[in-house]
Amino acid sequence: MASAFDVAVVGAGMGAFHAAEEIAKKSKDTKVAFIHGYTFQEWALAAAIFLNNPDEHEKWTAGVPEKWQQKWANVQYFMSSVETIDCDKKEIKLMNKGPHAGAVITYKAVVLATGSKSPLITPSPGTSLTERVSEVRACGSALKLCHSWEMCGDFRVHNGYSARVILLSRSGTVLDTDFGEKSAKPDAKVVEKVTNVLKDKMKVEVKHGSASDPKFSDAILSPGTLQLDSGETLDFDVYIPCFPIGPNTERLVSSQKILDDRGALITNDSLQSTSHPEVFGVGITTKKLFGHPVSSRLTAASKHCAQGALAVIQGKPVQVFQDKEAPPPLPQPMNVKIGHGKGGYMLWTSLPGPAKVCCCQCCNGGFPFCPPPCCWCCIPGCSGACGTCGSPPEGEGPASFMVHLLAKFPPNHGFKGLGDYGAEVPKQAKMA
Ligand SMILES: Cc1cc2nc3c(=O)[nH]c(=O)nc-3n(C[C@H](O)[C@H](O)[C@H](O)COP(=O)(O)OP(=O)(O)OC[C@H]3O[C@@H](n4cnc5c(N)ncnc54)[C@H](O)[C@@H]3O)c2cc1C
């Protein structure tokens, strides 16, 4: 029998968390089904670290539901992934796997925050923690050929320089996805700098080409041959597509008119489906979220969608999404990471004004004069956060600092209890 809820939130990332949190805190009488879909949480921003070094995976994973689930009285968690959403019946059916296998949920409004399909980088719907641990370990031991500057850098950090690494780019240049889709235009100087670090320091070959055959939209962890659209072939030991393949809506919603050809939810300026007004989308819609940091844009969109869902069930008008609550969008990412930690490289590219001054970016400051010595103990690696004094704000110091900084963010986005696989992963399957 179906369980009835006011709002269903679907997804396991920061988008779903902020939507559920907004309703939990602002409307305590609203009954929410949080279809998280997994028994665990995993911090996606550290994927390049743990896919290259599976020993690090547990540190970024929360495997004990009692630790990561929030104690919100009006929210019920579901730890089986969604199989289908019947938008006409307003009914969700969960997969026949996991703690809530086969459950049926009805809703008055739904927020979809299912992210983009990124094979290996994020777990596929329905994956158990034990399966995910095996997948991460298989990837770590097989990695040889990568397709992203961050992955390439972390590959070198953990696996050294003996393997040939080719970074294939459909435009022939790096940073094209982030800069092209999320902001006005790429900064040519940053592109050139990142390309040089990849080529000269990381010994990565940046190659112009694409492989559009759908069989190359999944990672391949054993030797094979990549067929490029140009007709050229490339032999590989490991192939990893590190670009988002499209919204995770494949086979999810029953009504096809609700999605465009790429699987994006067709929405108005309120991030609300044009055909089913009770359906909202975070980060998976035809209305793009512009600017950096991406996580701030996403958080604002999540809160907006939660408020939209509440408006729908209360019969009130839905507001246009304005991204006003978050800090103003930056046209470029604040930094570009080419590997984390010792042996990695990071460039600060566009900090907001006050942070820029504090980090001495205007005058090429850095260790030992900036940040001030009193800050050096706040976060390990902080003394090298801005690079070396008199040099550009980049290098191994910022890359080492970033590992520690990265660990500060998860709690802000609802990720708790990281560092514990819990009992689901048998002891002998845990990494040393
Ligand atoms: C390596 C890496 C580094 C990054 N660095 C930065 C950074 O420095 N700064 C920044 O701002 N952003 C960064 N990002 C981007 C940021 O991580 C993403 O924008 C953000 O995680 C997206 O959140 P989301 O909740 O929309 O989607 P996701 O994090 O992708 O979460 C969606 C979840 O929903 C699940 N799901 C899918 N289908 C179903 C279903 N049928 N049922 C149930 N659940 C389902 C998915 O499996 C997934 O776990 C980075 C991303 C990566 C991968």
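Residues numbered from 1 in each chain as written. Predicted model: local features only at pLDDT ≥ 70, side-chain atom pairs only at ≥ 80, totals over all residues. Heavy atoms only, no water.

An unreviewed UniProt entry lists the chain under the name AifA protein, with Symbiodinium natans as the source organism. The annotation that UniProt attaches to the chain under Cofactor (unreviewed entry) is "FAD". (UniProt positions renumbered as here; feature names shortened; annotations may be inferred.)

Read from one edge of the open sheet, five strands run 6-3-2-10-15, paired in parallel fashion. One side of each edge strand has no neighbouring strand; the edge strands of this open sheet are strand 6 (75-78) and strand 15 (279-281). Mean inter-strand twist for the sheet, computed between neighbouring axes without regard to direction, equals 20°. The pairing of strand 10 (residues 109-112) with strand 15 spans three bridges and is classified as parallel. Across the sheet, the residue bridging to V110 is V279, located in strand 15. Seen against the sheet, helix 1 (residues 14-26) touches strand 2 (7-10), strand 3 (32-35), strand 6 and strand 10 and runs at an angle of roughly 155° to strand 2. (Pairing = 2+ DSSP bridges. Helix = DSSP H or I, 4+ residues; strand = E, 2+ residues; numbered from the N terminus. Axes fitted to C-alpha atoms, helices over the stretch in contact; angles between N-to-C directions. Contact = heavy atoms within 4.5 Å.)

A word on the nonpolar core. Most often, soluble globular proteins have nonpolar side chains that are buried together. Ranked by size, the top nonpolar core spans 71 residues in total, and within it V9, L51, V194 and I338 carry the most contacts. Residues in contact with V194, not counting those within four places in the same chain, are V174, L175, V336, I338 and L347. Core analysis: the second largest hydrophobic core is formed by 23 residues, I35, I85, I92 and L112 among them. (Core = buried A, V, L, I, M, F, W, Y, C linked by side-chain atoms within 4.5 Å. Buried < 20%, exposed > 50% of the residue type's maximum accessible area, 1.4 Å probe, protein only.)

What follows is about the packing of helix 1 against helix 8 (residues 294-313). Following both chains from N to C, one finds helix 1 and helix 8 inclined at 45°, their axes separated by 8 Å at the closest point. On the basis of their axis angle, the class for helix 1 and helix 8 is oblique. Where helix 1 crosses over helix 8, the handedness of that crossing is right-handed. Each of M14, G15, H18, A19, E22, I23 and K26 in helix 1 lies in contact with helix 8, whose residues at this interface are S295, L298, T299, S302, K303, A306, Q307 and L310. The class makeup of the residues in the contact of helix 1 with helix 8 is six nonpolar, six polar and three charged. (Parallel < 35°, antiparallel > 145°, perpendicular 65-115°, else oblique. Left-handed = near helix turned anticlockwise from the far one by under 90°. Nonpolar A, V, L, I, M, F, W, Y, C, P; charged D, E, K, R; others polar.)

Glancing now at the site of the ligand. In the vicinity of the ligand, 26 residues are found, and the nearest of them are G15, Y38, L45, S295 and K337. Here an oxygen atom of the ligand sits 3.2 Å away from a polar atom, N or O, in the main chain of V294. Contact with the protein chains hides 82% of the accessible area of the ligand, taken as 990 Å² for the molecule alone. Secondary structure elements with two or more residues in the shell around the ligand: helix 1 and helix 8. A per-element tally of the shell around the ligand places helix 8 first, with three residues. By residue class, the composition of the shell around the ligand is 15 nonpolar, nine polar and two charged. (Near = heavy atom within 4 Å. Polar contact = N/O pair within 3.5 Å; in protein donor to acceptor, adjacent residues only side chain to side chain. Areas by Shrake-Rupley, 256 points an atom, 1.4 Å probe, with all protein chains shown as cover.)

Any space left empty among the atoms is revealed by the rolling of a water-sized probe across them. Within this structure, the stated rule accounts for one cavity of 30 Å³ or more. A volume near 50 Å³ is recorded for the largest cavity. What lines the largest cavity is A12, G13, F17, F34, H36, Q41, W68, Y77, H413, G414 and F415. Taken together, the residues of the lining of the largest cavity break down into six nonpolar, five polar and no charged. (1 Å grid on protein atoms, 1.4 Å probe; cavity = no way out; pocket = protein on both sides within 12 Å on 5 of 7 lines; lining within 4 Å. Points joined across faces, edges and corners; volume = space filled by probe spheres on them.)

This part takes up the side chain of S81. Within the secondary structure layout, S81 lies in the loop between strand 6 and strand 7 (82-86). Judged by its relative accessible area of 5%, S81 is buried. A distance of 3.1 Å separates a polar side-chain atom of S81 from the backbone oxygen of G37. At 2.9 Å, the side chain of S81 and the backbone nitrogen of G126 are in polar contact. If we ignore the near neighbours within four places in the chain, the residues touching S81 are G37, Y38, L94, M95, P125 and G126.

The terminal C-alpha atoms of helix 7 (residues 188-201), which comprises 14 residues, lie 19 Å apart, in line with the 20 Å expected from a rise of 1.5 Å per residue. Residues of helix 7 that are buried include every one of V190, V191, V194, T195, V197 and L198, and no others. Seen end-on, helix 7 carries its buried residues on one side only, within an arc spanning 160°. Those residues of helix 7 that are exposed and angled more than 90 degrees off the buried face are A188, K189, E192 and D200. (Expected span 1.5 Å × (residues − 1). Arc of directions from axis to C-beta.)

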